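Spelled out, the chains give:
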Amino acid sequence: MWQSYPNPLQDNPAYSVVKQYFVNVDDTVSKKVYFASDEVHACIVTCGGLCPGINTVIREIVCGLYHMYGVRKILGIDGGYRGFYAKNTINLTPKVVNDIHKRGGTFLGTSRGGHDTSKIVDRIQYRGINQVYIIGGDGTQRGAAVIFEEIRRRGLKVAVAGIPKTIDNDIPVIDKSFGFDTAVEEAQRAINAAHVEAESIENGIGLVKLMGRYSGFIAMYATLASRDVDCCLIPESPFYLEGSGGLYEFIKKRLKENGHTVIVIAEGAGQDLFSESLQSMDQQDASGNKLLQDIGLWLTHRIKEHFAKKKMPINLKYIDPTYMIRAIPGIASDNIYCTLLAHSAIHGAMAGYTGFTVGPVNGRHAYIPFNHIIEEQNKVVITDRMWARLLSSTNQPSFLNPC
């Protein structure tokens, strides 16, 4: 039987029972926790690409541990997984992290790869760390799962909690990833710029490439929010260029009807259109992600070549706002969401849960075992109503039946 300790939240006014509502004592906070506050030695690490809201999660983990549970020993791991064994740590307090949510990027630094399970767990054990908070995408969560298994194999009293970070919204099970709302909002600026450029000149074409390696959620939601987009292309919905019902024909039709057209394409769309010599089928980055060809630049050149051959003058402007979107701080809704995720992770770790990722499932915040998060990716279902709403909004062809 494991030892338990009184839960400090019982004495926290913010978590007291509100008698005028139908809330029982058991519905507020548990009476016992797994860790004594003065014994907790927590660490936080951020891995993978940038995403709006990372600093908010860091801040709220620190402030939550400090103010809600009285934890005073919190370390920041500098530079991703390899920072466990190759870089210095940062002592984190509410004062240190007070304003970091106003900045983009990650206060702790990040990297791809560098995952050496044995070295990482050795350093966790050497430093006496007993709570590990890991912020990252699907690759990072896979790494967290391996760390958890090694910690369990060694019989260490260490809680491992994951906070899912993917701007593409491609982590399964959970309703939504943090940073996604900010990405959709910021994408509007790029789409609006493309629309202004396109409608200001004869036969203007605005082409915007948005993030979405395997999943087209950002492109789909940004298109629906904009109402200025004529065609949205995503990885889940293959398209073709030539022939009846192809993209070239659709562009020509829109140019004749409106004098301009705007196209949004996700970075992972159309990869099958590249010749075999250009496809990077077996090449991966340090995080294990497949290296993609730049579909935006490729499509820009192909559209220009096609209409040049047809003796039809066009003016095409290509916009790639990827790094501008990744680097900004989170908007209000994402900051609130990041707070909920951070607090959920803290409560779970203090209660003695481990090997889990936090996130809402059907609107209810849950603790999800790592293996359920890393099994597959969340993708747009093109037979679903949301994609049907997009097709209705843009009036684009489905590209499902090439000639």
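The structure under discussion appears in the preceding block.
Predicted model only: the values in this text are computed from it and were never measured. (Residues numbered from 1 in each chain as written. Predicted model: local features only at pLDDT ≥ 70, side-chain atom pairs only at ≥ 80, totals over all residues. Heavy atoms only, no water.)

Quick word on the overall build of the protein chain
As a reminder of what qualifies: What counts as a helix is a DSSP run of H or I of at least four residues, what counts as a strand is a run of E of at least two, and both are numbered from the N terminus. Atoms counted for the radius of gyration: C-alpha only. Globule rule: 2.2 Å times the number of residues to the power 0.38. Only protein chains enter the accessibility calculation, which uses a 1.4 Å probe. A residue is then buried if its area is under 20% of the maximum for its type, exposed if over 50%, and partly exposed in between. Working rule for contacts: check all heavy atoms of both residues, and any pair within 4.5 Å makes them a contact. For the purpose of counting charges, residues Lys and Arg are taken to be positive, whereas Asp and Glu are taken to be negative. His and the chain ends are not included. Charge positions come from single atoms, namely NZ of Lys, CZ of Arg, CG of Asp or CD of Glu.
Across its full length, the protein chain carries 12 helices and 13 strands. Relative to the globule expectation of 22 Å for 403 residues, the C-alpha radius of gyration of the protein chain, 24 Å, shows essentially globular dimensions. Based on the C-alpha atoms only, the size of the protein chain along its principal axes is roughly 80 × 55 × 35 Å. Counting only residues that meet the buried cut, the protein chain has 51% of its 403 residues in that class. A sequence separation of at least 24 residues applies to 77% of the contacts in the protein chain between residues at least 6 apart. Looking at charge distribution, the protein chain has the averaged site of its 42 positive side-chain charges lying 3 Å from that of its 40 negative ones.

Description of helix α4 (residues 138-154)
Applied cut-off: Expected span of a helix: the number of residues minus one, times 1.5 Å.
Here α4 spans 25 Å end to end across 17 residues, near enough to the 24 Å set by a 1.5 Å rise per residue. The complete set of buried residues in α4 reads D138, T140, Q141, G143, A144, A145, I147, F148, E150 and I151. Buried-residue contacts for α4 involve α3 (117-127), β6 (131-136), β7 (159-164), β12 (356-361) and α11 (370-373). Looking one or two places after α4, you find G155, whose phi comes out positive at around 70°.

Comments concerning the sheet that holds strand β10 (residues 260-266)
To keep it simple, the criterion reads: Only strands joined by at least two bridges in the DSSP assignment are considered to pair. Here an axis means a line fitted to C-alpha atoms, over the contact stretch when the element is a helix, while the angle between two N-to-C directions is reported on a 0 to 180 degree scale.
Strand order in the open sheet formed by four strands is β9-β10-β8-β11, and the pairing between neighbours is parallel. At either margin of the open sheet sits one strand with a lone partner, and together these are β9 (231-233) and β11 (315-319). Sheet twist, expressed as the mean angle between neighbouring strand axes with direction ignored, is 15°. Here strand β8 (residues 204-210) pairs with β11 via five bridges, running parallel. Note on β11: the bridge partner recorded for I205 is L316.

Structural notes on the sheet that holds β12
Ordered by their spatial adjacency, seven strands build an open sheet running β5-β4-β3-β6-β7-β12-β13, and the pairing between neighbours is mixed. Each edge of the open sheet carries a strand with a single partner, namely β5 (89-91) and β13 (364-369). With strand direction ignored, the average angle separating the axes of adjacent strands in the sheet is 25°. In the packing of helix α10 (residues 332-350) onto the sheet, the strands contacted are β6, β7, β12 and β13, and the crossing angle to β12 comes to about 135°.

Points about the pattern of salt bridges
The condition that has to hold: Basic side-chain nitrogens of Lys or Arg form a salt bridge, by our definition, when they fall within 4 Å of a carboxyl oxygen of Asp or Glu.
Under the criterion given, the structure shown has 12 salt bridges. The partner of K102 in a salt bridge is D99, and the shortest N-O contact between them spans 3.7 Å. Judged by relative accessible area, which is 38%, D99 ranks as partly exposed. Salt-bridge contacts for R154 lead to D122; the nearest nitrogen and oxygen are separated by 2.8 Å. With R154 in helix α4 and D122 in helix α3, this pair connects stretches of sequence that are 32 residues apart. Exposure remark for R154: the relative accessible area of 24% places this residue in the partly exposed category.

Some remarks on the pairing of β10
Within β10, seven of the seven residues are buried, which leaves it mostly tucked inside the rest of the structure. Along β10, one buried face is formed by H260, V262, V264 and A266 and the opposite face, lined by T261, I263 and I265, is buried too. As paired strands, β9 and β10 are joined by three bridges and run parallel to one another. Bridging across to β10, C231 finds its partner in I263.

A short note on the packing of α3 against α4
The following threshold applies: Small angles under 35 degrees read as roughly parallel and large ones over 145 as roughly antiparallel, with 65 to 115 read as roughly perpendicular and the rest as oblique. Note on convention: the crossing is left-handed when the near helix lies turned anticlockwise from the far helix by less than a right angle, right-handed when the turn is clockwise. Three categories are distinguished: nonpolar for Ala, Val, Leu, Ile, Met, Phe, Trp, Tyr, Cys and Pro, charged for Asp, Glu, Lys and Arg, and polar for the others, with Gly belonging to the last.
Across the interface, α3 lies against α4 with an axial gap of 10 Å and an inter-helix angle of 60°. For the element pair α3 / α4, the angle class is oblique. For the element pair α3 and α4, the recorded crossing hand is right-handed. Packed against α3, whose contacting residues are T117, S118, I120, V121, D122, I124 and Q125, the element α4 presents V146, I147, E150, I151 and R154 at the interface. Of the residues contributing to the contact of α3 with α4, the split by class is six nonpolar, three polar and three charged.

Observations concerning the state of the cysteines
Basically, it comes down to this: A pair of sulfur atoms, both from cysteines and within 2.5 Å, is called a disulfide here.
Taken as a whole and assessed by the stated rule, the structure comprises zero disulfides. Not part of a disulfide, C43 finds its nearest cysteine sulfur in C47, a span of 10 Å.

Concerning the nonpolar core
Formally: We call a set of buried Ala, Val, Leu, Ile, Met, Phe, Trp, Tyr and Cys residues a nonpolar core when their side-chain atoms join them within 4.5 Å.
Counting residues in hydrophobic clusters, the biggest one holds 69 residues, and the most contacted among them are I44, I61, Y133, I163 and F178. For this core, the element with the highest residue contribution is helix α1 (residues 54-69), accounting for nine residues. Listed in part, the 25 residues of the second largest apolar core include L207, C231, L241 and I265.

With respect to the packing of helix α5 (residues 180-199) against helix α6 (residues 217-226)
One can describe the packing of α5 onto α6 by two numbers: an axis separation of 9 Å at closest approach and a directional angle of 55°. Viewed along their axes, α5 and α6 adopt a mutual orientation that is oblique. Here α5 runs over α6; the crossing is right-handed. Seen from α5, the contacting residues are F180, A183, V184, A187, Q188 and I191; seen from α6, they are F217, I218, Y221, A222, A225 and S226. Within the contact of α5 with α6, the residues separate by chemical class into 10 nonpolar, two polar and no charged.

A short note on unusual backbone geometry
The backbone phi angle of V173 is positive, close to 75°, even though this residue is not glycine. Tracing the sequence through the fold places V173 in the loop between β7 and α5. Of note in this structure, N362 is not a glycine but carries a positive phi near 55°. Its location among the elements puts N362 in the loop between β12 and β13.

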